[in-house]
Amino acid sequence: SWPAAARWSRPGYLAGTCGGAALRATSATAPLAAKMTMAQYVAYAASAAAREDECPLYLFDRTFAAAVPQLGRDYARPDGKILGPLADALDGGGDGGGGGTGAGAHPHPYVRTDLFGLLGPSRRPDHRWLIAGPALSGSSFHIDPNCTHAWNVPLSGGRKHWIFYPPAENPPGVHPGGNGGDVAMPVSLAEWHACFGAEHRRRGRAALAAAAAAGAAGNKRTPPPPPRGPLECVVRPGDALFVPHGWWHSVLNVDGDDVPAGPSVALTQNYVGASNLSDVLRFLRLRTDQISGCRDRARGGGGATSGDVGLVGEALPPEELFGAFGRALAEHRPEFLRGALVRARAGWECAAWRGDDDGAGGSHAFEDAEFFGAAPPGRAGENNKK
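Residues numbered from 1 in each chain as written. Predicted model: local features only at pLDDT ≥ 70, side-chain atom pairs only at ≥ 80, totals over all residues. Heavy atoms only, no water.

Explanation requested: the overall build of the protein in the structure shown.
The secondary structure content of the protein amounts to twelve helices and 13 strands. Counting across all 386 residues of the protein, residues that qualify as buried make up 48%. Relative to all contacts within the protein whose residues are 6 or more apart in sequence, the contacts with residues 24 or more apart total 76%. For the protein, the accessible surface area stands at approximately 17300 Å², while carbon and sulfur atoms represent 54% of it. (Helix = DSSP H or I, 4+ residues; strand = E, 2+ residues; numbered from the N terminus. Buried < 20%, exposed > 50% of the residue type's maximum accessible area, 1.4 Å probe, protein only. Contact = heavy atoms within 4.5 Å. Areas by Shrake-Rupley, 256 points an atom, 1.4 Å probe, with all protein chains shown as cover.)

Right, dumping it as structure tokens:
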């Protein structure tokens, strides 16, 4: 029932539909991003240049829905659900919020609600991308931006090999800077596998042995320990993958131009739900310098610098996101805001950010009512103090 899944796997559909629209392609070794049509990119992905490059160009475009309106219509679900194919598996049809009681309420935390959507399609940070790539292209290890969850759906082409490391456990060869800033790692995925593949496999064997031992020693009354060590999977067209916030992950396209459908094509969207809202609020308040996906589209002293502004619109600047998001939640979804602020004041829920120095303010930063225009809800009597 999802038009993107039904249409984008047809040979020639994307190239024909995109026409002359310029899409963005880049790689870890490319000094600048390239702009090319989908037809040009498909030809590149099948070329000897792509096959011989250990870090080929990877199409990663945030403007596709605006640049090619038909792709935007394909992307939208006819029933209006935001999380695309994951909604069928994870949404019980209730309040869409991962909580609540009574008839129709659904307790699962990963449902259709994308709370950043309350900011509007242009004012929010970048959140959805059209992705395509030949063999050996992909994404090096990273944690998704702004504490967001994500889903990823391969639509055509070959397989994708995913590697995950749980929060606070860095993959071998990956060295984050202080407070989760800049990350030092091998330039290409091929280099990472060559240099650190053996250590990665050793950690995987150790994690499996530890899990087996814990299972043998446990009982039905004892919950299993949280996952340690890497997780891996291979996804194919038609699969849907959930990426929880705070997890390191890399993606390597396995198959190349020998696949009849051409390069691997996928869609991904980052979002805020009930389960990660408290960490998102904490991140927007305390890590303004690390907020991404809006700086080149935000107004400021020099104005927005990205040529994409004409397509996807002007974003809120990082220093305004916390207040604007909080006010939108207070107006439209206060049931989410109350509990999330209490949890945000208590600290990071995801281990990826625990132990980092948040500088001045810390949890006290959430006591300031001015960010929401009124005292933030969450504590008895707090709304009557000012």
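What am I meant to see in the environment of Asp74 here?
Its place among the elements puts Asp74 in helix H6 (residues 69-75). Overall, Asp74 belongs to the buried group, its relative accessible area being 0%. C-alpha of Asp74 to C-alpha of Ala6: the two residues are 68 residues apart in sequence and 9.0 Å apart in space. The residues touching Asp74, leaving out its near neighbours within four places in the chain, are Trp2, Pro3, Ala4, Arg7, Trp8 and Tyr13. In terms of polar contacts, Asp74 uses its side chain to reach the side chain of Arg7, at 2.4 Å. Within the structure, Asp74 has its side chain in polar contact with the side chain of Gln70 (distance 2.9 Å). (Polar contact = N/O pair within 3.5 Å; in protein donor to acceptor, adjacent residues only side chain to side chain.)

Would you take a moment to explain the packing of aromatic side chains for this structure?
What describes a pair of aromatic rings is the distance from one ring centre to the other and the angle between the planes of the rings. In this structure the tally under the stated criterion is 15 aromatic pairs. Ring centres 6.5 Å apart and planes at 75° place the aromatic pair Phe164 and Trp247 in the edge-to-face group. Of this pair, Phe164 sits in strand E7 (residues 160-165) while Trp247 is found in the loop between strand E11 (241-243) and strand E12 (248-253), placing the two residues 83 residues apart along the sequence. Exposure class is identical for Phe164 and Trp247. Each is buried. An aromatic cluster is present here, built from Trp2, Trp8, Phe64, Tyr75 and Trp151 joined pairwise through their rings. Cation over ring: Arg128 sits above Tyr75, and NZ or CZ is 4.8 Å from the ring centre. Lying across the ring of Trp348, Arg282 places its NZ or CZ 5.2 Å from the centre. (Phe/Tyr/Trp six-rings, centres within 6.5 Å; stacked < 30°, edge-to-face > 60°. Lys NZ or Arg CZ within 6 Å of the ring centre and 35° of its normal.)

Help me understand the environment of His161, please; the structure alone is not making it clear to me.
Examined against the element boundaries, His161 turns out to sit in strand E7. It is 5.1 Å that separates the C-alpha atoms of His161 and Leu252, two residues lying 91 residues apart in sequence. Excluding residues that lie within four positions of it along the chain, His161 makes contacts with His193, Glu232, Cys233, Val234, Ser250, Val251, Leu252 and Val254. At 2.7 Å, the side chain of His161 forms a polar contact with the side chain of Glu232.

In this structure, what is going on with the sheet that holds strand E1 (residues 23-26)? I would like to understand it.
Strand pairing in a sheet relies on backbone hydrogen bonds, with the paired strands running either antiparallel or parallel. Pairing in this open sheet of seven strands is antiparallel, and the strands run E2-E1-E3-E4-E13-E6-E11 from one edge to the other. Both outer strands of the open sheet, strand E2 (34-36) and E11, are each paired with one neighbouring strand and no more. Looking at each pair of strands side by side, their axes are set apart by 30° on average, direction ignored. The pairing of strand E3 (residues 58-61) with strand E4 (residues 128-133) spans three bridges and is antiparallel. (Pairing = 2+ DSSP bridges. Axes fitted to C-alpha atoms, helices over the stretch in contact; angles between N-to-C directions.)

Explanation requested: the packing of helix H9 (residues 277-286) against helix H11 (residues 318-332) in the structure shown.
Helix-helix packing: each pair is described by the crossing angle between the helix axes and the interaxial distance. Direction vectors running N to C along H9 and H11 enclose 145°, while the axes themselves pass 8 Å from each other. Contacts between H9 and H11 involve Leu277, Val280, Leu281, Leu284 and Arg285 from the first element and Leu321, Phe322, Phe325 and Leu329 from the second. For the contact of H9 with H11, the per-class residue count stands at eight nonpolar, no polar and one charged. (Nonpolar A, V, L, I, M, F, W, Y, C, P; charged D, E, K, R; others polar.)

Just checking my understanding: could you explain the confidence of the model for the protein for this structure?
As a general rule, the predicted coordinates of low-pLDDT regions are not to be interpreted in detail. With 73% of its residues at a pLDDT of 70 or more, the protein shows a mean pLDDT of 80. Note on residues 82-111: pLDDT under 50 across the span, and 67 contacts to partners over four residues away in sequence or across chains. Low pLDDT, under 50, characterises residues 373-386; the predicted model gives this stretch 24 contacts beyond four residues in sequence or across chains. (pLDDT = per-residue confidence, 0-100.)

Would you explain helix H12 (residues 334-346) in this entry?
One turn of an α-helix holds 3.6 residues; hence residues three or four places apart share an orientation. Between its first and last C-alpha atoms H12 spans 19 Å; for 13 residues at 1.5 Å apiece the expected length is 18 Å, and the two agree. Residues of H12 that are buried include every one of Phe336, Leu337, Ala340, Leu341, Ala344 and Arg345, and no others. If you follow the buried residues of H12, they end up packed against H9 and H11. Directly beyond the C-terminal end of H12, a positive phi value near 130° is found at Gly347. (Expected span 1.5 Å × (residues − 1).)

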